[in-house]
There are 2 protein chains.
Amino acid sequence: MYVTIPNPEMREGAPGFLIGASCKIAETRLKPGQFLFFEGDEVEWLYQVTSGVVRLTRMLADGRRQVIAFGYPGDIIGFPADGLHHTDCETLTDTRLQPFRLAHLENGEGDPALHAALLQAALREISAMQDHFMMLGRKSATEKLASFLCVLTERVGEDLGAFRQVTLPMSRSDIADFLGLTTETVSRTFTQLRKAAIIAIDNTHTIIVQKPAALLSLSVGDQD
Amino acid sequence: MYVTIPNPEMREGAPGFLIGASCKIAETRLKPGQFLFFEGDEVEWLYQVTSGVVRLTRMLADGRRQVIAFGYPGDIIGFPADGLHHTDCETLTDTRLQPFRLAHLENGEGDPALHAALLQAALREISAMQDHFMMLGRKSATEKLASFLCVLTERVGEDLGAFRQVTLPMSRSDIADFLGLTTETVSRTFTQLRKAAIIAIDNTHTIIVQKPAALLSLSVGDQD
DNA sequence: CGCAGTGTTGATACCCCTCAATAGACGTGG
DNA sequence: CCACGTCTATTGAGGGGTATCAACACTGCG
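The shown structure was predicted, so the numbers you read here are calculated from the model rather than taken from an experiment.

The rules behind these values
- Residues numbered from 1 in each chain as written.
- Chains lettered and ligands numbered in written order.
- Predicted model: local features only at pLDDT ≥ 70, side-chain atom pairs only at ≥ 80, totals over all residues.
- Near = placed C-beta within 6 Å.
- Helix = DSSP H or I, 4+ residues; strand = E, 2+ residues; numbered from the N terminus.
- Nonpolar A, V, L, I, M, F, W, Y, C, P; charged D, E, K, R; others polar.
- Expected span 1.5 Å × (residues − 1).
- Buried ≥ 20, exposed ≤ 12 C-beta atoms within 10 Å, placed from the backbone.
- Pairing = 2+ DSSP bridges.
- Axes fitted to C-alpha atoms, helices over the stretch in contact; angles between N-to-C directions.

1. Details of the protein's contact with DNA strand C
Here's step 1: For DNA strand C, the set of nearby residues contains 19 residues, the closest of which are A:Ser140, A:Thr185, B:Ser171, B:Ser187 and B:Thr191.
Here's step 2: Those elements giving two or more residues to the surface near DNA strand C turn out to be helix H5 (183–195) of chain A together with helix H4 (172–179) and helix H5 (183–195) of chain B.
Here's step 3: The element that contributes the greatest number of residues to the surface near DNA strand C is H5(B), accounting for 6 residues.
Here's step 4: Taken together, the residues of the surface near DNA strand C break down into 4 nonpolar, 11 polar and 4 charged.

Next up, the structure:
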């Protein structure tokens, strides 16, 4: 999931869950902090997140890290290049995953609907990553964090009477490495949004959006 | 083409040219500055660049632009999401393109080899974009430009006795919008590399790499 | 020759990073 | 239940890298 350009109509749409008839493989269950695969591993399975959240990361030789994406329910992860994983994948919460054979993407294996769904997921991934380019290359810290919160609130937020609440299972440094910022800047930007009464911070990992419209404005750079 | 992480072994490899038996559609020829498609257009064709260079861009409402990729010979462009293009595509030079029906990616249409090749191209695209995330999110201006020049030199550079020469058909502002910088910073960084005698600038669009090793060092942040 | 577009260079501002200290959250063990 | 240590998050001070604004040079073309 690339948390980038807020869109009230949710262009991407939740891909829905693929319960192909030919899918007889049992769901995988993982506890927080477990690794599903590492960069360089051979790809045998794709996974659709059923519940929970995972984090895809890539490292530079000198230790700099980039969080490539967060995987939320409905997202399909594990697409290979040249047969190999090019990211690490770690769970952030209790997570359930539905595995699919890579062959289902590559040749369908007798389930054209599943094949088509996996291919569409890969293509949507490309488009979503393009949004994220814009985020990383062209947006300010405030725009980045506002976009991040907008999209997450829209997709996984819970209604709370007048407001909307969203749980952030990832650390500040995960958010920073996703948005191309430092933890300090992320923290300061949270504080700034809180002081502007746009959000409230119930606890570190629970955000209440008090002014969704203002947050959306900030995310597209209307003002700052 | 995502010009990102220099790799002497060229992990991605040139995808090679797909001259599927079932491909009877004539090559498309375009002059510089022509548009192949726009964001929002319906996707009917994928294209493999045969010769020339194209530029894929995406715009923000306020005019900020992100160059998503440059398409060099061998690259396949035009992957849709939800049936639509999500970038504009403009030629930078005289360009020849081999069109492929989208259906060849979606269901093979009787040519499994072509189907597989197009799918692998899409998957490699995902991996290459992940490299570009690292570039946009975590690299300095010098590292960005050095990486850019390293990869381009490796892939489309010409031997010139002891040195290597590369032609840059794109403008400084195209490079800036690709790397998440301003034209001024790109220009200054070029000057800095020239003054360090790492590159020579024959003319604006022709670079001679005098110290490839030094350029590679800069690209991975060994020193600065 | 003159003009427009592109690229370079300079001066300055400011956003974000870096380094550092403090505060808060969480788990463990007494 | 509290004391303690560790890890994460917040806040502060200061500096650096890149953007911004502006002027000038270069190139191509009518």
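So much for the structure itself; the text now carries on.
2. Notes on the protein's contact with DNA strand D
Here's step 1: Taken together, 17 residues sit near DNA strand D, with A:Ser171, A:Ser187, A:Thr191, B:Ser140 and B:Thr185 positioned nearest.
Here's step 2: Elements with a minimum of two residues in the surface near DNA strand D: helix H4 (172–179) and H5 of chain A together with H5 of chain B.
Here's step 3: Take the surface near DNA strand D: its biggest share by element is 6 residues, from H5(A).
Here's step 4: Of the residues belonging to the surface near DNA strand D, the class tally is 4 nonpolar, 9 polar and 4 charged.

3. A word on helix H2 (residues 112–138) of chain A
An α-helix turns once per 3.6 residues; consequently, residues spaced three or four apart project the same way.
Here's step 1: Here H2(A) is 27 residues long and its end C-alpha atoms lie 39 Å apart, about the 39 Å a rise of 1.5 Å per residue gives.
Here's step 2: With 21 of its 27 residues buried, H2(A) lies for the most part within the structure.

4. Side note on the sheet that holds strand E9 (residues 158–160) of chain B
All names here are of chain B.
Here's step 1: A sheet is described by the order of its strands in space; here 4 strands give the open sequence E9-E10-E12-E11, paired in antiparallel fashion. This sheet does not close on itself; its edge strands, each paired only once, are E9 and strand E11 (199–203). The mean inter-strand angle of the sheet, taken between neighbouring strand axes irrespective of direction, is 30°.
Here's step 2: Sheet topology places strand E10 (residues 163–167) next to strand E12 (residues 206–209); 4 bridges connect them, and they run antiparallel. Residue pairing in the sheet places Arg-164 in a bridge with Val-209 of E12.

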